[in-house]
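Single-letter residue listing:
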Amino acid sequence: MNSGQQQNSFSPSASKQVDKRLPTTSCQDRKRVDSSNKFALLNSYMTNVNVSVLEALYTTCTNDWQELNFMPAFNRLYLICEGEGRIEIGDKSYWPVPGQLVIMPAHVNQSYTTINEHPYSKYWCHFQALVGDRHLFQLMQVPYCITLAPERGQQALHTFQMLTHVHRTAGWTAAFRTQGLLMELLSLYLEEAGFEQVSLPVSAAVEKINEVLHYIENHLNEKISVQQLASLLHLHPNYFITFFREQMGESPIQYINRVKVSRAQQLLLTSDLNVSEVADLIGMDVYYFSRLFKQNTGFTPTAYKQQHVIFSSDTVR
């Protein structure tokens, strides 16, 4: 997507045989698997993020709208409706225009100011987005300013209007509703930014997690223990569990089970394998697999496949 104009300075003036072998990771496959791990990490963050709305309003800024070189403990989200201004995030400056969304992440140096006699009118939200104890936008990096297509702009406008209204009502279900509306805005932002424009910070921790995710991906047909995964990183199992939860927002076993159930769903819907064969392919005995599958989906594997067959038949008709 197009982003606001940016620069590096800031001036406040202006036959059904089951093959249990899974593909291994070769050098040629590395780029593909890295993309798969990126998807797995981002999906885990989205699954486990906890959001809360601190404040949400529509305001027209005054001519003295300005704050320089501060580092907030919360995130800001702006929908620019009218006017002009300048925003600095980190070492880059932006001049957002009407129809653009802006995210200003927590714990990043920021500044903002007016640049003429036509200050912004904008919807804005201050919010927290945490995966465990870590801020979502420390775990993932996104474009800070994006341009919305007209229909997506109307969607963002309507959602922001609902968010500010519900936030003011302070009813006993308001927290649920504001969280849902904020998640809708964040989903819209990320979808418009695009998967390729979202990046994961390069760090030793991410490299270690990538190694673990590679192993899990290539051994889904086996029983995978915490001890096995911990040994990959030469960590004590207890410390590994803590490390994994900090990075992924869930325990290793929760992640493995979720990925195995997801793979089983795919196999049930795209192959003619029976339940025992699917269980075998994800390294589980059929009884435990059936129980885990129902815990995660609300259906037995057989009922899940039948429901989707019925749905597909109804769609065709």
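Scroll up a little and you will see the structure.
Remember, it's a predicted structure, so these values are computed and weren't measured experimentally. (Residues numbered from 1 in each chain as written. Predicted model: local features only at pLDDT ≥ 70, side-chain atom pairs only at ≥ 80, totals over all residues. Heavy atoms only, no water.)

(A) Spatial organisation of the pairing of strand β8 (residues 110-113). Here β8 shows a buried face lined by Gln 110 and Tyr 112 and a second buried face lined by Ser 111 and Thr 113. In this sheet, β8 lies alongside strand β5 (residues 86-89) in antiparallel orientation, the contact comprising four bridges. Bridging across to β8, Ile 89 finds its partner in Gln 110. (Buried < 20%, exposed > 50% of the residue type's maximum accessible area, 1.4 Å probe, protein only. Helix = DSSP H or I, 4+ residues; strand = E, 2+ residues; numbered from the N terminus. Pairing = 2+ DSSP bridges.)

(B) Examining the packing of helix α7 (residues 237-248) against helix α8 (residues 252-270) more closely. Packing of α7 against α8 brings their axes to within 9 Å, and their N-to-C directions diverge by 60 degrees. Put simply, α7 runs oblique to α8. Where α7 approaches α8, its residues Phe 240, Ile 241, Phe 244, Arg 245 and Met 248 are matched on the opposing element by Pro 252, Gln 254 and Tyr 255. When grouped by side-chain class, the residues that make up the contact of α7 with α8 number six nonpolar, one polar and one charged. (Axes fitted to C-alpha atoms, helices over the stretch in contact; angles between N-to-C directions. Parallel < 35°, antiparallel > 145°, perpendicular 65-115°, else oblique. Contact = heavy atoms within 4.5 Å. Nonpolar A, V, L, I, M, F, W, Y, C, P; charged D, E, K, R; others polar.)

(C) Focus on the nonpolar core. Among the nonpolar cores identified, the biggest contains 56 residues, and Leu 101, Met 140 and Phe 160 are the most heavily contacted of them. The element contributing the most residues to this core is helix α4 (residues 174-193), with nine residues. Those residues in contact with Met 140, other than ones at most four positions away along the chain, are Leu 42, Met 46, Leu 190, Val 198, Ser 199, Leu 200 and Pro 201. Counting residues in hydrophobic clusters, the runner-up holds 15 residues, among them Val 278, Met 284, Leu 292 and Tyr 304. (Core = buried A, V, L, I, M, F, W, Y, C linked by side-chain atoms within 4.5 Å.)

(D) Region of the structure containing the packing of helix α3 (residues 150-169) against α4. Where α3 meets α4, the axes come as close as 9 Å, and the angle between the chain directions of the two elements is 160 degrees. One way to sum up the angle between α3 and α4 is to call them roughly antiparallel. In this structure, α3 meets α4 at a crossing whose hand is left-handed. Across the interface between the two elements, Arg 152, Gln 155, Ala 156, Thr 159, Phe 160, Met 162, Leu 163, Val 166, His 167 and Thr 169 of α3 pack against Ala 174, Arg 177, Thr 178, Leu 181, Glu 184, Leu 185, Leu 188, Glu 191 and Glu 192 of α4. Class assignment of the residues belonging to the contact of α3 with α4 gives a composition of nine nonpolar, five polar and five charged. (Left-handed = near helix turned anticlockwise from the far one by under 90°.)

(E) Looking closely at a nonpolar patch on the surface. A contiguous nonpolar patch, built from Val 286, Tyr 287 and Tyr 288 and spanning about 300 Å² of accessible area, is present on the exposed surface. As for its placement among the helices and strands, Tyr 287 is situated in helix α10 (residues 286-297). (Patch = residues over 30% accessible without salt bridge, like charges linked within 9 Å, V, L, I, M, F, W, Y side chains within 5 Å. Areas by Shrake-Rupley, 256 points an atom, 1.4 Å probe, with all protein chains shown as cover. Salt bridge = Lys/Arg side-chain N within 4 Å of Asp/Glu carboxyl O.)

(F) Quick peek at the pairing of strand β7 (residues 100-104). Across the five residues of β7, five count as buried, placing the element largely inside the fold. Both faces of β7 are covered, namely the face carrying Gln 100, Val 102 and Met 104 and the face carrying Leu 101 and Ile 103. In the sheet, strand β4 (residues 75-82) pairs with β7 via four bridges, with the strands oriented antiparallel. Looking at β7, one finds that Arg 76 is bridged to Met 104. Bridge count between β7 and strand β11 (residues 145-147): three bridges; the pairing is antiparallel. Bridging across to β11, Gln 100 finds its partner in Thr 147.

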